[in-house]
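Single-letter residue listing:
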Amino acid sequence: MRSILILFLFSIVFASGAQSIKINEDIMHWEGGFIAGLNNDGYEMSFRGLYFPVQYVGLKVGIGFAGEIREMSDWGREEWYPGHTYTARFKLNPALALRTPRLVHLNSKDAGFYIFAEPGFVLSPSAVGRGVDKTFSWDLKCGINMQIKRSIFTIGYGISNFILYSGSHPMNFSGKPDYNTHTIFIGGSYKL
């Protein structure tokens, strides 16, 4: 029974297409894109590049930032206003990019849906005036991709121990001493 199950799983993997690196007879190993998300610290945005030497496994590098969302009462104020205490931090996010075989194929649109996971880490220097923030954190992003020819649309969830205020505010707004950052995000990429 076990060998039949293994044979069945291998046949599914090899019979279904992975997120395509072959488009119109061209091999496209590279992707470039952008993601934006909201989390329990504020927001994050990053430009990302991915390289897939094989269909299921690749490498990703994201360069962006995370920051606080301003209160409505602070909109329109000068950045150097004395009461202005909002922060933002640069983030470098290398990761391993893993994708499943195609789960659903829409023939009419030549589109496919895929699940992805991107385990990696975050390198982030301290924000100016914030003290000594944690500079190395683990990170995991996962979600679902829809590929239509060369365009890829993404929606997902991320969890990390990256904390925007890790140096000068050891507690979050709920009073917990250490917590994980949960993020929901959307994005888009283009096969290069």
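Up top you'll find the structure we're talking about.
Residues numbered from 1 in each chain as written. Predicted model: local features only at pLDDT ≥ 70, side-chain atom pairs only at ≥ 80, totals over all residues. Heavy atoms only, no water.

Draft legend 1. Representation of the environment of Ser189 in the model. Here Ser189 is to be found in strand S11 (residues 181–191). The sequence separation of Ser189 and Phe47 amounts to 142 residues, and the corresponding C-alpha distance is 9.5 Å. When near neighbours in sequence (up to four residues on either side) are disregarded, Ser189 contacts Glu31, Gly32, Gly33, Arg48, Arg150, Ser151 and Ile152. (Helix = DSSP H or I, 4+ residues; strand = E, 2+ residues; numbered from the N terminus. Contact = heavy atoms within 4.5 Å.)

Draft legend 2. The pattern of salt bridges, seen in detail. Counted under the stated rule, the structure contains seven salt bridges. Residues Lys141 and Glu44 are paired through a salt bridge, measuring 3.5 Å at the closest nitrogen-oxygen approach. On the criterion of sequence distance, the pair formed by Lys141 in strand S9 (residues 136–148) and Glu44 in strand S4 (residues 43–51) is long-range, its members being 97 residues apart. With a relative accessible area of 10%, Glu44 lands in the buried category. Note that Glu118 is salt-bridged to Arg48, the shortest N-O span being 3.2 Å. Of this pair, Glu118 sits in strand S8 (residues 111–123) while Arg48 is found in strand S4, placing the two residues 70 residues apart along the sequence. Taken individually, Glu118 and Arg48 each receive the classification buried, so the pair is uniform in this respect. Taken together, the salt bridges that share partners define one network made up of Glu44, Lys91, Asp139 and Lys141. (Salt bridge = Lys/Arg side-chain N within 4 Å of Asp/Glu carboxyl O. Buried < 20%, exposed > 50% of the residue type's maximum accessible area, 1.4 Å probe, protein only.)

Draft legend 3. Region of the structure containing the pairing of S11. Of the two faces of S11, the one lined by Thr181, Thr183, Phe185, Gly187, Ser189 and Lys191 is fully buried and the one lined by His182, Ile184, Ile186, Gly188 and Tyr190 carries no buried residue. By the bridge criterion, nine bridges tie strand S3 (residues 30–39) to S11 in an arrangement that is antiparallel. From the neighbouring strand, Ile35 faces S11, where its bridge partner is Gly187. Note that strand S10 (residues 151–160) and S11 share ten bridges and pair antiparallel. Of the residues in S11, the one forming a bridge with Phe153 is Gly188. (Pairing = 2+ DSSP bridges.)

Draft legend 4. Representation of the pairing of S8 within the structure. The pairing of strand S6 (residues 88–99) with S8 spans four bridges and is antiparallel. Bridging from a neighbouring strand, Arg99 pairs with Phe116 of S8. Hairpin connection between strand S7 (residues 104–106) and S8: a loop of four residues separates the two successive antiparallel strands, and Asp110 in this loop has a positive phi of roughly 50 degrees. Note that S8 and S9 share 13 bridges and pair antiparallel. Across the sheet, residue Gly112 finds its bridge partner in S9, namely Gln147.

Draft legend 5. Expanded view of the environment of Asn40. Note on placement: Asn40 falls in the loop between S3 and S4. Taking C-alpha positions, Asn40 is 7.1 Å from Thr183, a pair spaced 143 residues apart along the chain. With residues up to four places along the chain from it excluded, the contact list for Asn40 reads Tyr179, Asn180, Thr181 and His182. For Asn40, the side chain forms a polar contact with the main-chain oxygen of Asn180, separated by 3.3 Å. Separated by 2.8 Å, the side chain of Asn40 and the backbone nitrogen of His182 make a polar contact. (Polar contact = N/O pair within 3.5 Å; in protein donor to acceptor, adjacent residues only side chain to side chain.)

Draft legend 6. Fine view of the packing of aromatic side chains. Applying the stated criterion across every chain yields a total of five aromatic pairs. Ring geometry for Phe116 and Phe185: centres 6.5 Å apart, planes at 55 degrees, overall tilted. On the criterion of sequence distance, the pair formed by Phe116 in strand S8 and Phe185 in strand S11 is long-range, its members being 69 residues apart. Using a relative accessible area of 2% as the deciding quantity, one classes Phe116 as buried. (Phe/Tyr/Trp six-rings, centres within 6.5 Å; stacked < 30°, edge-to-face > 60°.)

Purely geometric stuff here, so don't read any function into it on its own.
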